[in-house]
Amino acid sequence: MRNEKTYYCVCRCTPSDGIVAIDAKLLTQEVLPMSIDYIRSCRNLRGKAYKALMLGDLCANAGYPNTALRVMRSTMRYIKMKDYDWVYRPINPSFNRLENIVNMYEVRQLGRRIDRLWRWLEHPEMARSARNVERYYDDLWFDKYYEALP
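Residues numbered from 1 in each chain as written. Predicted model: local features only at pLDDT ≥ 70, side-chain atom pairs only at ≥ 80, totals over all residues. Heavy atoms only, no water.

Novice: Mind laying out a nonpolar patch on the surface, listing which residues take part and the relevant values?
Specialist: A cluster of nonpolar residues, Phe 142, Tyr 146 and Leu 149, forms a patch on the protein surface that exposes about 320 Å² of accessible area. Mapped onto the secondary structure, Tyr 146 falls in the segment after helix H6 (129–145). (Patch = residues over 30% accessible without salt bridge, like charges linked within 9 Å, V, L, I, M, F, W, Y side chains within 5 Å. Areas by Shrake-Rupley, 256 points an atom, 1.4 Å probe, with all protein chains shown as cover. Salt bridge = Lys/Arg side-chain N within 4 Å of Asp/Glu carboxyl O. Helix = DSSP H or I, 4+ residues; strand = E, 2+ residues; numbered from the N terminus.)

As structure tokens, this is what we get:
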């Protein structure tokens, strides 16, 4: 009798959709903790946002939308909180603008992905993150420059 090796499918992906299936044990015990540790320890807020986007897409495509929502929403809240610190710091307008310093575009992308996931889960009433992000950064701009308006 011949020794036959048994192979288990750990991950399945397609060129158009990326990863469509991943082993639950691999995702929850290896990929998710390593990625969340990276998100927590990374000092670059844009790096945090992009890692959260990739991890959220991976979880959503693999069939774990609640995990994807949890990761993306917590990262979005943290980045927004850190961006608010720029309201009290002086910025030289000759060299920088507030839009260039804060991570508005990355947080917008997180908000859009969260909204898309809520619509995919058939809860369109919860899809308001992108709108809230726009309002938040408008308020942040007014908090910073309200005194300087004519």
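That covers the picture; the talk isn't over yet.
Novice: Describe helix H3 (residues 65–84), listing the residues and the values that go with them.
Specialist: Across its 20 residues, H3 extends 28 Å between first and last C-alpha, which sits within 8% of the 28 Å expected from 1.5 Å per residue. Burial in H3 covers these residues: Pro 65, Thr 67, Ala 68, Leu 69, Val 71, Met 72, Thr 75, Met 76, Ile 79, Lys 80 and Asp 83. Buried residues belonging to H3 abut helix H1 (24–41), helix H2 (45–62), helix H5 (104–120) and H6. (Expected span 1.5 Å × (residues − 1). Buried < 20%, exposed > 50% of the residue type's maximum accessible area, 1.4 Å probe, protein only. Contact = heavy atoms within 4.5 Å.)

Novice: So what's going on with the environment of Asp 37? Residues and values would help.
Specialist: The topology assignment puts Asp 37 in helix H1. Exposure remark for Asp 37: the relative accessible area of 47% places this residue in the partly exposed category. When the C-alpha atoms of Asp 37 and Thr 6 are compared, they prove to be 33 Å apart, with 31 residues separating the residues in sequence.

Novice: Run through the packing of H2 against H3, naming residues and quoting values.
Specialist: Contact geometry of H2 with H3 gives a least axis separation of 8 Å together with a crossing angle of 165°. In terms of orientation, H2 lies roughly antiparallel with respect to H3. Between H2 and H3 lies a crossing whose hand is left-handed. Contact residues: Leu 45, Lys 48, Ala 49, Ala 52, Leu 55, Gly 56, Cys 59 and Ala 60 in H2; Pro 65, Thr 67, Ala 68, Val 71, Met 72, Thr 75, Tyr 78, Ile 79, Lys 82 and Asp 83 in H3. (Axes fitted to C-alpha atoms, helices over the stretch in contact; angles between N-to-C directions. Parallel < 35°, antiparallel > 145°, perpendicular 65-115°, else oblique. Left-handed = near helix turned anticlockwise from the far one by under 90°.)

Novice: Quick rundown of the pairing of strand S2 (residues 18–22)? Include the residues and the values.
Specialist: Of the pairings in the sheet, the one linking strand S1 (residues 11–14) to S2 comprises four bridges and is antiparallel in character. Of the residues in S2, the one forming a bridge with Arg 12 is Ala 21. Taken together, S1 and the strand that follows it, S2, pair antiparallel across an intervening segment of three residues. (Pairing = 2+ DSSP bridges.)

Novice: Before we move on, could you go through the nonpolar core and cite the residues and values that matter?
Specialist: Of all hydrophobic cores here, the largest spans 35 residues; its most connected members are Leu 55, Val 71, Leu 110 and Tyr 137. At the level of secondary structure, the elements contributing two or more residues to this core comprise H1, H2, H3, helix H4 (98–101), H5 and H6. For this core, the element with the highest residue contribution is H2, accounting for nine residues. Not counting chain neighbours up to four residues away, the residues in contact with Leu 55 comprise Val 31, Leu 32, Ser 35, Ile 36, Ile 39 and Val 71. (Core = buried A, V, L, I, M, F, W, Y, C linked by side-chain atoms within 4.5 Å.)

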